[in-house]
Amino acid sequence: MGAPRDIGTFVVWDYVVFAGMLLISAVIGIYYAFAGGGQQTSKDFLMGGRRMTAVPVALSLTASFMSAVTVLGTPSEVYRFGAIFSIFAITYLLVVVLSAEIFLPVFYKLGITSTYEYLELRFNKWVRLCGTILFIVQTILYTGIVIYAPALALNQVTGFDLWGVVVATGVVCTFYCTMGGLKAVIWTDVFQVGIMVAGFASVIIKAALVQGGISTIINDAANGGRLNFWNFNPNPLQRHTFWTIIIGGTFTWTSIYGVNQSQVQRYISCKSRFQAKLSLYINLLGLWVILVCSVLCGLALYSRYHDCDPWTAKKVSAPDQLMPYLVLDILQDYPGLPGLFVACAYSGTLSTVSSSINALAAVTMEDLVKPRFPSLSEKSLSWLSQGMSVLFGALCIGMAALASLMGALLQAALSIFGMLGGPLMGLFALGILVPFANSIGALGGLLSGFAASLWVGIGAQLYPPLPERTMPLKLETYGCNSTYNGTNWLTTTEMPFSTSAFQVHNIERTPLMDNWYSLSYLYFSTVGTLVTLFVGMLLSVSTGGRKQNIDCRFLLTKEDFLSNFDTFKKKKQVLRYKSHPVEDGGTDNPAFNHIELNGTDQSSKINGTRL
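Here the structure is a predicted model, which means the values were calculated and not measured. (Residues numbered from 1 in each chain as written. Predicted model: local features only at pLDDT ≥ 70, side-chain atom pairs only at ≥ 80, totals over all residues. Heavy atoms only, no water.)

### Re the overall build of the protein
Where we set the bar: The way it works is that DSSP assigns letters per residue, a run of H or I at least four long becomes a helix, a run of E at least two long becomes a strand, and they are numbered from the N terminus. Note on exposure labels: buried denotes an accessible area under 20% of the residue type's maximum, exposed denotes more than 50%, and partly exposed covers the range between, all computed with a 1.4 Å probe on protein chains only. Two residues qualify as a contact provided that any one of their heavy atoms is within 4.5 Å of a heavy atom in the partner residue.
Looking only at helices and strands, the protein has 21 helices and zero strands in total. Out of the 611 residues belonging to the protein, those deemed buried represent 62%. Across the protein, contacts joining residues at least 24 apart in sequence account for 87% of those joining residues at least 6 apart.

See below:
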């Protein structure tokens, strides 16, 4: 469908603003390709030479956490389900503390580039290989959706050229990743965070003016039941309650911040462990700002359309098109501002895609190329890293094309890939926190956790929860001029882009569907993590795990916590790059060294994950 006639359309200035954002991103890539002698080594290219400081890394973490799915999806989530989403502010605090105090100290002191190196050091090379391959496959799938889904939503409302945007986004991302490496990715993210906040701010300020002030927006939201912050119902089957967001949300997002290569690679690139931790805590402020902006946009959406919902009135065909619709409605008299909002949505996409491409290149080089070709020179490795960036950029654009052909399938896949984060976080937690865990326990636990989270997740796709579980709030159309034929609820089990294409209709609901398959989507990751930990510990104890001798560098120790206070003693930390020999196995007990089974990995973002 083209842009509706009662709202504005895109004009030349909007395209100029959008093109300007892409151009500046590309220029940053060119600058870092040559600044400071360019990317001399693969370490420069993949890790920024480990000389980054806290503030740019913090802004980069925030940007890559935020994809266009967040910019378009979170406001429509608040519009439909209410402001309880803002409880994620507490979740983000817990996630940052857990990532900074449990996972970061271990990864940082080992001086590793790929998080999967840790799995070989602690367990064995088969665990590492399985994790690596699954990370590569799912990240390409996820990135394709991140490029395509927002392009489709914006195309249907604004008439913005779909494939022009998809290809331009992919090419610009690949260009600056290949030219400038991690430094370019981080500094373009810093620029893109600014664009995102500006885009949100323009919508919030104009909406407040149009609606007669923030107080009117809050009053409308209160009257419509949107200020539902405190729902303490402990029922794990309700989609969003205080407990599902705090407990389930913490597990879901820690699997992204704690162990996902895209995020870990950034804070490990800092020049000291203090800077690395600081980057995570500063990033928390960024997450809070973005959350406040997106919740306010959702309340502004409701205030504007509380008596005439564009979705049920068929003016837009999906909830994620509501934000672009609002932008063209209230900003149509300001040429360039709708373009700024689209640039805001696409800054989210660029930052997510560029961090994925860079992480894919790092993992491929460290886990697949270097172990097999140890004699390659640094110059060759640097060129290969750049080649990998081009290859993965092309694959991500190709994946976006595939997403257009089998959209519904991939939207289901998005929540399935979210589930893989839980078992992987369980695996890393087992290695870092459980001294007696061995490779048999690790692989057995991983497979069990993977099976459990896949079972509940696929079941939820086939038999989505009933509306009384998801609790969408009422939308009205009495203020519309058009005729209206009744509400059409889209109940989804996950973040914004689910269409639940595989729903099995017209069958009698069983207790399994109404209970296990109706579990809140935020608990998928929790189930995976806990099953992995529990089974892993049982198997390790029963296969002699307590007899092995583990190097304490692979575990979280109390010295890791106490060293937080070393900063005040002015003692300079020197990071030894590759401070370990590359071994075949991580234990001293040869009986548990080479167990060949499968591992798995994760991705986020819906959300917010990054979606």
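### Some points on the packing of helix α14 (residues 337-369) against helix α15 (residues 378-405)
Threshold: Here an axis means a line fitted to C-alpha atoms, over the contact stretch when the element is a helix, while the angle between two N-to-C directions is reported on a 0 to 180 degree scale. Working definition: roughly parallel below 35 degrees, roughly antiparallel above 145 degrees, roughly perpendicular at 65 to 115 degrees, and oblique for all remaining angles. Note on convention: the crossing is left-handed when the near helix lies turned anticlockwise from the far helix by less than a right angle, right-handed when the turn is clockwise. The nonpolar class holds Ala, Val, Leu, Ile, Met, Phe, Trp, Tyr, Cys and Pro. Asp, Glu, Lys and Arg form the charged class, and all remaining residues, Gly among them, are polar.
Viewed as axis vectors pointing N to C, α14 and α15 meet at an angle of 130°, and their least axial separation amounts to 9 Å. Considering their axes alone, α14 and α15 lie oblique with respect to each other. Crossing angle aside, the handedness with which α14 passes α15 is right-handed. Every residue of α15 that contacts α14 at I357, L360, A361, T364, M365 and V369 is listed here: L381, L384, S385, M388, S389, F392 and G393. Partitioning the contact of α14 with α15 into residue classes produces nine nonpolar, four polar and no charged.

### Considerations on the pattern of salt bridges
Rules: The rule for a salt bridge is simple: a side-chain nitrogen of Lys or Arg has to be within 4 Å of a carboxyl oxygen of Asp or Glu.
Tallying each qualifying case throughout the model produces 10 salt bridges. The partner of K474 in a salt bridge is E476, and the shortest N-O contact between them spans 3.5 Å. Residues joined by salt bridges that share partners form a network here, namely E120, R128 and D367.

### Considerations on a nonpolar patch on the surface
For clarity, the threshold we go by: Patches in this entry comprise residues that are over 30% relatively accessible and not in a salt bridge; like charges within 9 Å are linked, as are nonpolar side chains (Val, Leu, Ile, Met, Phe, Trp, Tyr) within 5 Å. Here the accessible surface of atoms and residues is derived via Shrake-Rupley with a 1.4 Å probe, and residues count as covered only by protein chains that are part of the display.
Where nonpolar side chains cluster on the molecular surface, the patch consists of V11, V12, W13 and V16 and spans about 400 Å² of accessible area. The topology assignment puts W13 in helix α1 (residues 12-34).

### Here we look at the nonpolar core
Inclusion rule: We call a set of buried residues a nonpolar core when its members are Ala, Val, Leu, Ile, Met, Phe, Trp, Tyr or Cys and they connect through side-chain atoms within 4.5 Å of each other.
By size, the foremost hydrophobic cluster in this structure holds 161 residues, and its most contacted members are F18, Y118, V203 and F428. When residues of this core are assigned to their parent elements, the largest contribution, 17 residues, is made by helix α8 (residues 162-211). Dropping the residues within four chain positions of it, Y118 is found in contact with V106, F107, L110, I112, F428, G431, I432 and F554.

### Describing helix α3 (residues 54-65)
Each full turn of the α-helix corresponds to 3.6 residues, which orients residues three or four apart in the same direction. Heads up, the condition is: One fewer than the residue count of a helix, multiplied by 1.5 Å, yields its expected span.
In this model α3 runs 16 Å from its N-terminal to its C-terminal C-alpha over 12 residues, within 8% of the 16 Å that 1.5 Å per residue would give. Of all 12 residues in α3, 10 are buried, a share of seventy percent or more. Considered for burial, the residues of α3 that qualify are A54, P56, V57, A58, S60, L61, T62, A63, S64 and F65.

### Notes on unusual backbone geometry
Leaving glycine aside, a negative phi is the common case for residues, and trans is the common case for peptide bonds. The backbone of K314 sits at a positive phi, close to 65°, despite the residue not being glycine. Turning to its location among the elements, K314 is positioned in the loop between α12 (273-305) and α13 (322-330).

### Observations concerning the packing of α8 against α12
As a packed pair, α8 and α12 sit with axes 10 Å apart at the nearest point and diverge in direction by 35°. With respect to the hand of their crossing, α8 and α12 are arranged in left-handed fashion. Here α8 contributes V197, F200, V203, I204, A207, V210 and Q211 to the contact with α12, which in turn contributes V289, I290, C293, S294, L296, C297, A300, S303 and R304. Its residues placed into classes, the contact of α8 with α12 shows 12 nonpolar, three polar and one charged.

### So, the confidence of the model for the protein
The criterion, for reference: Per-residue confidence from the prediction method is given by pLDDT, with values spanning 0 to 100.
On average, residues of the protein score 80 in pLDDT, and 84% of them are at 70 or above. Predicted confidence is poor over residues 570-611, with pLDDT under 50, and the contacts of this stretch with residues over four places away or in other chains come to 158 contacts.

### Overview of helix α17 (residues 439-462)
Worth spelling out the cut-off: Throughout this description, a polar contact denotes any pair of N or O atoms lying within 3.5 Å of each other; where both atoms belong to protein, one of them has to be capable of donating a hydrogen while the other can accept it, and for residues adjacent in sequence the pair is counted only when both atoms sit in side chains.
In this model α17 runs 34 Å from its N-terminal to its C-terminal C-alpha over 24 residues, within 8% of the 34 Å that 1.5 Å per residue would give. Two to three positions downstream of the cap, the backbone nitrogen of I440 sits 3.3 Å from a side-chain oxygen, assigning the N-cap of α17 to N438.

### Some points on the side chain of T532
Inspection of the secondary structure assignment puts T532 in helix α20 (residues 523-542). Residues within four places of T532 in sequence aside, it is in contact with P423, G426, L427, L430, G445, L446 and G449.

### Some remarks on the packing of aromatic side chains
Just so we agree on the cut-off: Pairing of aromatic rings covers Phe, Tyr and Trp, the last counted by its six-membered ring, and requires centre-to-centre distances within 6.5 Å; plane angles under 30 degrees mean stacked, over 60 mean edge-to-face, and any other angle means tilted. We count a charge as sitting over a ring when the NZ of a lysine or the CZ of an arginine lies within 6 Å of the ring centre and within 35 degrees of the ring normal.
According to the stated counting rule, one finds 19 aromatic pairs in the structure shown. Connected via pairs of aromatic rings, a cluster forms that spans F107, Y116, Y118, F135 and F428. The aromatic ring of F81 is capped on one face by R239, whose charged end is 4.3 Å from the ring centroid.

### Quick look at the environment of T139
Examined against the element boundaries, T139 turns out to sit in helix α7 (residues 125-158). Separated by 214 residues in sequence, T139 and V353 place their C-alpha atoms 9.4 Å apart. Sequence-distant contacts of T139, that is, excluding residues within four places in its chain, are made with S356 and L360. Separated by 2.6 Å, the side chain of T139 and the backbone oxygen of F135 make a polar contact.

### Side note on the state of the cysteines
Cut-off, in case you're wondering: In this description, the term disulfide denotes a pair of cysteine sulfurs within 2.5 Å.
What the rule picks out here adds up to zero disulfides. Considering cysteine sulfurs only, C173 is the nearest to C177, which forms no disulfide, with 5.9 Å between them. Under the relative-accessibility criterion, C177 is labelled buried at 0%. C396 takes part in no disulfide bond, and the closest cysteine sulfur, belonging to C173, lies 8.8 Å away. Judged by its relative accessible area of 1%, C396 is buried.

### A short note on the environment of S60
Inspection of the secondary structure assignment puts S60 in helix α3. S60 gets classed as buried once you look at its relative accessible area, which sits at 0%. With 127 residues separating them in the primary sequence, S60 and W187 have C-alpha atoms 7.4 Å apart. The residues contacting S60, other than those within four sequence positions of it, are I186, D189 and R266.

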